[in-house]
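Each chain, letter by letter, is given below.
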Amino acid sequence: MSVREAEARPAGREPLAAGGVARRTPSRRLGRSSGSWWIPWLFLAPALILFLYFKFIPMAQAISMSVQEVRPYLGNLWVGSANYSEILSSEGFRSATWNTIVLAVGQTAGSMVLGFVLALLVEGQTRKLSFIRSAAFLPVVVPIAVVAELWRIMYHPTGDGLLNQVLGLVGLGPSGFINDPDTSLASIVVTGIWRGAPYDMMIFLAGLAGIDRGLYEAAVVDGASTKQRILHVTLPGLRPVFAILFVLAAVRGFRAFTEVFLLTNGGPNGSTEVLMTLIYKLGFEQNRLGIASAGAVLLFLATLVLTVCVQLLRRRRVA
C-alpha cells in the first residue's frame, strides 16, 4: 500500500485482505476476549457462595471435629485418631456398614434393571406420549417424606394392610414388612427401587436416543431377534450410561437416610440401621459429635473411593 492510499483510508478501518474482507488485528481480538472472562464467574458466584457456605465449610469443620472431642461451650480437645478407632471397633458401626452395603447394592441393581426395562417400554410405541413419561417420572418429584408415609401405610403389618391384602389373594399369609427384622431391610430396598427407577429411566432414555438407528436396521436385516438386538446393540451402546448410573445409584444408596429414618428409624432391633442414621443418632441424640464426624468422614471416603474406581475402570475399558 502506498503512502497516498494509506492517507486516503478512513481512520479506524482495517486494510482489506484478498477478496475484499477486512482483517482484524490480533490485539483487538485479544482485547475483546480478555475483557469478558469474568462474566461466567459472575453468574456462577451466587451458587459458588452457597456451596462454599453450606457445603465446603461444613465439610472442613467435620474433618476438624473428627480428630477432636467436641465439648460445646467448654472447648474441643485434640484426640487424634481415637474417634476413628472407637467407631471402627464398634459393633453397631460394623452392622450399620453391612446394612448400608446391602441397601446400596439392592437399590442400585433394582433401580437400574427396572429403569432399563421402563426405558425400553417408554422409548418404543409410546415414545411420543409425553404424559406417560411424566407419570412414570412422578415418584422422583414427590417429596421423600410423602413417599415414606405412603409406603408405611401400604406396609401395615395386619391383614387389613394394602400389600397384605394382595398377598392374601395369592394365598400367602400377612407379613410384618418393616415391623419384622427379617423383612424390614428388604422392604426399604423395594421402596428405594420404586423411587429411584424412574430417575434411571430418564437417563437410559437419553442414552437410547444417542444410539445409531442404523445399527438396529442392520441387525434386523441380519435376522437378529429382539433379545439379540438388546444384547448386541442396546447394551453396548449404553455402556457409558451404565457407568454413570452405577455411581449415582451407589452414592444414593450409601447416603440413604430419610426413608430409613421415617419408615423404621433403624429398627426393629437395629435390622435397618444404616450409616446415615447411626451418624445422626451419635451426633444429635447422644451428642458425640466427634465420633459422628469420624463416621461421616469414613462414609465420604468410601463414596470417593467407589467413584474413583469406577472412573478408572471406565477409562481403562475405553482405552
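Residues numbered from 1 in each chain as written. Predicted model: local features only at pLDDT ≥ 70, side-chain atom pairs only at ≥ 80, totals over all residues. Heavy atoms only, no water.

**Let's talk about the overall build of the chain**
So the rule is basically this: A run of H or I in DSSP becomes a helix once it reaches four residues, and a run of E becomes a strand once it reaches two; helices and strands are each numbered from the N terminus. Burial classification: accessible surface area is computed with a 1.4 Å probe over protein chains only, and a residue below 20% of its type maximum counts as buried, one above 50% as exposed, and the rest as partly exposed. Contacts are residue-level and defined by heavy atoms, with any inter-residue pair within 4.5 Å sufficient. Calculation of accessible area relied on Shrake-Rupley with a 1.4 Å probe; when residues are assessed, cover is drawn exclusively from the protein chains displayed.
What the chain contains, in helices and strands, is 15 helices and 2 strands. Counting every position in the chain, which comprises 319 residues, the buried fraction comes to 31%. Considering only contacts in the chain between residues 6 or more positions apart, those separated by 24 or more positions represent 63%. Accessible area of the chain: about 20100 Å², with a carbon and sulfur share of 66%.

**Some thoughts on the packing of aromatic side chains**
Selection criterion: Aromatic pairs are defined between Phe, Tyr and Trp rings, using the six-membered ring for Trp, whenever the two ring centres lie within 6.5 Å; interplanar angles under 30 degrees are classed as stacked, those over 60 as edge-to-face, and all others as tilted.
Scanning the model with the defined rule gives 12 aromatic pairs in all. Judged by centre distance (6.1 Å) and plane angle (45 degrees), the rings of F116 and F242 are tilted. Within this pair, whereas F116 is found in helix α5 (residues 91–123), its partner F242 is found in helix α12 (residues 239–254), the two being separated by 126 residues in sequence. Note on F257 and F261: the rings are 5.3 Å apart at their centroids and 20 degrees apart in plane angle, and the pair reads as stacked. Classification of F261 by relative accessible area gives partly exposed; the value is 28%. A network of ring pairs unites the aromatic residues W151, Y155, F177 and W194 as a single cluster.

**Let's talk about the nonpolar core**
For clarity, the threshold we go by: Residues belong to a common nonpolar core when they are buried Ala, Val, Leu, Ile, Met, Phe, Trp, Tyr or Cys residues joined through side-chain atoms within 4.5 Å.
Formed by 17 residues in total, the largest nonpolar core has its most connected members in L103, W151, Y155, I188, V260 and L263. No other element matches the 5 residues that helix α7 (residues 144–154) contributes to this core. Each residue touching W151, except ones within four places of it in the same chain, is listed here: L163, V190, T191, W194 and L263.

**Overview of the confidence of the model for the chain**
Reading predicted coordinates in detail is not appropriate for stretches of low pLDDT. To keep things clear, this is the line we draw: Along the chain, pLDDT gives the predictor's confidence residue by residue, from 0 to 100.
Residues of the chain with pLDDT of at least 70 account for 86%, and the chain-wide mean is 83. Of all the helices and strands in the chain, helix α1 (residues 3–8) carries the lowest mean pLDDT, 48, while helix α4 (residues 82–88) carries the highest, 92.

**What to know about the environment of K281**
Defined as follows: Nitrogen and oxygen atoms within 3.5 Å of one another constitute a polar contact, given that in protein one can donate a hydrogen and the other can accept it, and given that sequence-neighbouring residues count only through two side-chain atoms.
Inspection of the secondary structure puts K281 in helix α14 (residues 275–285). For the pair K281 and A292, spaced 11 residues apart in sequence, the C-alpha to C-alpha distance is 8.2 Å. Excluding residues that lie within four positions of it along the chain, K281 makes contacts with N265, G266, E273 and Q286. Of note is the side chain of K281, whose polar atom sits 3.0 Å from the side chain of E273.

**Structural notes on the pattern of salt bridges**
Test applied: Salt bridge, as used here, is a side-chain nitrogen of Lys or Arg placed within 4 Å of a carboxyl oxygen of Asp or Glu.
On inspection of all chains with the given rule, the structure shows 5 salt bridges. The salt bridge involving R288 is made with E86; its shortest N-O contact spans 2.4 Å. Note that R288 is positioned in the loop between α14 and α15 (289–318) and E86 in helix α4, a separation of 202 residues in sequence. For D200, the salt bridge goes to R252, with nearest N and O atoms at 3.7 Å. Taken together, the residues span a long stretch of sequence, with D200 in helix α9 (residues 184–209) and R252 in helix α12 at a distance of 52 residues. A relative accessible area of 30% means that R252 is categorised as partly exposed.

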